[in-house]
Every structure is written in C-alpha cells, then in structure tokens.
Amino acid sequence: WLAKAEDETNTEYLTRAAAEATKYKATDMAYRMSKTAYLGLRGLPEDHSPKRHVARGVPHYWTPGDVATWLTDRGYAEVKNLGPPPTRRMPWYFTAVPTDKPDDTHIYTLTNAAGDVTGRITVERWK
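The shown structure was predicted, so the numbers you read here are calculated from the model rather than taken from an experiment.

Now for unusual backbone geometry. In this model, Glu 78 sits at a positive phi of 50°, which is unusual for a non-glycine residue. In this structure, Glu 78 sits in strand 4 (residues 77-83). Given the relative accessible area of 47%, Glu 78 is considered partly exposed. The phi dihedral of Asn 81 falls on the positive side, at around 50°, and the residue is not glycine. Considering the arrangement of structural elements, one finds Asn 81 in strand 4.

Here it is in structure tokens:
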C-alpha cells in the first residue's frame, strides 16, 4: 500500500501511484478504505525485499556474526536484525532478502571436518 503524503492532493497521489505501478511493473492498482494509504499495487513481479525469517537448530555457541556469515554463504542477502535468542532452545529471528526460493523451507546439514553429521538448521519465512 502506498501512503499518501499529508500535503499531497488526491490527483497528485493518484499520479504518483500510477508512476509507481509503471516503475515496478504492477499489473493492477487496488483501492481500499483508509485514511493514510488507500491505493496499492497488485500483480507485482517477484518481490526481492527483505523478509522476516526464523532459523531453528543453530548451534548454541554460534555468535550473531557466525550466523550472518553462514546465512550469507547460503544466498541470503542484507541480513539484519539478527540477535541470539534469549534461551538456547529458542530459534533465531532475522530479516534478509531470501534465496532463490523465498517461500520454501530450507534444511541444511552441518558436518564436521571428518564429514560426520553434527546437526541440521532449518530456515523458513516467519509468517
């Protein structure tokens, strides 16, 4: 939804929304009853904006830097808002631009130097 600026007339708002629709290749515009944002874009191509994710099974001794590096190595971009969970059993939450299949659940196997499986990390969109 596109927020209307306080000093923007309805005509200017509609013109700006139409320009945004063209810019982002939207197929349609939508209208809803609202005081602040009543025009929106529909039919947008694949969205590459940062999304909220959850990672389960992260080793308890990993730091936020370790997790950010690990995520980046697996195709996540712009990793932000990453902090350790309050307890070891809770998952890590973060914001990032997803991998090539953004709505899929990704399961990664962790191995040691000898190739033995040491754990699994599950990363999925937080809904």
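Here the narrative resumes, following the displayed structure.
Each aromatic ring pair is summarised here by two numbers: the centre-to-centre distance and the angle between the ring planes. Overall, the coordinates contain six aromatic pairs when judged by the stated rule. Here Trp 70 and Tyr 108 contribute two aromatic rings whose centre-to-centre distance is 5.1 Å and whose plane-to-plane angle is 85°, an arrangement assigned as edge-to-face. Of this pair, Trp 70 sits in helix 2 (residues 64-73) while Tyr 108 sits in strand 6 (residues 106-111), placing them 38 residues apart in sequence. Across the pair, exposure class does not vary: Trp 70 and Tyr 108 are buried alike. Judged by centre distance (4.9 Å) and plane angle (80°), the rings of Tyr 93 and Trp 126 are edge-to-face. Separated by 33 residues along the polypeptide, Tyr 93 in strand 5 (residues 92-97) and Trp 126 in the segment after strand 7 (117-125) bring together distant segments of the chain. Looking at Trp 126, the relative accessible area reads 40%, which means it is partly exposed. Three or more aromatic residues joined by ring pairs form one cluster here, namely Tyr 13, Tyr 31 and Tyr 38. Lying across the ring of Trp 1, Arg 32 places its NZ or CZ 4.1 Å from the centre.

So, on to the nonpolar core. The biggest cluster of nonpolar side chains holds 15 residues, and the ones touching the most others in it are Trp 70, Phe 94, Ile 121 and Val 123. Where this core is concerned, the elements lending two or more residues are helix 2, strand 5, strand 6 and strand 7. Counting five residues, the second-largest nonpolar core is a separate cluster that includes Tyr 13, Ala 17, Tyr 38 and Leu 39.

Both strand 3 (residues 51-56) and strand 7 contribute to a ladder of four bridges, which runs antiparallel. For His 53, the partnering residue across the bridge sits in strand 7 and is Arg 125.

Reading the values: rules and limits
Residues numbered from 1 in each chain as written. Predicted model: local features only at pLDDT ≥ 70, side-chain atom pairs only at ≥ 80, totals over all residues. Heavy atoms only, no water. Helix = DSSP H or I, 4+ residues; strand = E, 2+ residues; numbered from the N terminus. Buried < 20%, exposed > 50% of the residue type's maximum accessible area, 1.4 Å probe, protein only. Phe/Tyr/Trp six-rings, centres within 6.5 Å; stacked < 30°, edge-to-face > 60°. Lys NZ or Arg CZ within 6 Å of the ring centre and 35° of its normal. Core = buried A, V, L, I, M, F, W, Y, C linked by side-chain atoms within 4.5 Å. Pairing = 2+ DSSP bridges.

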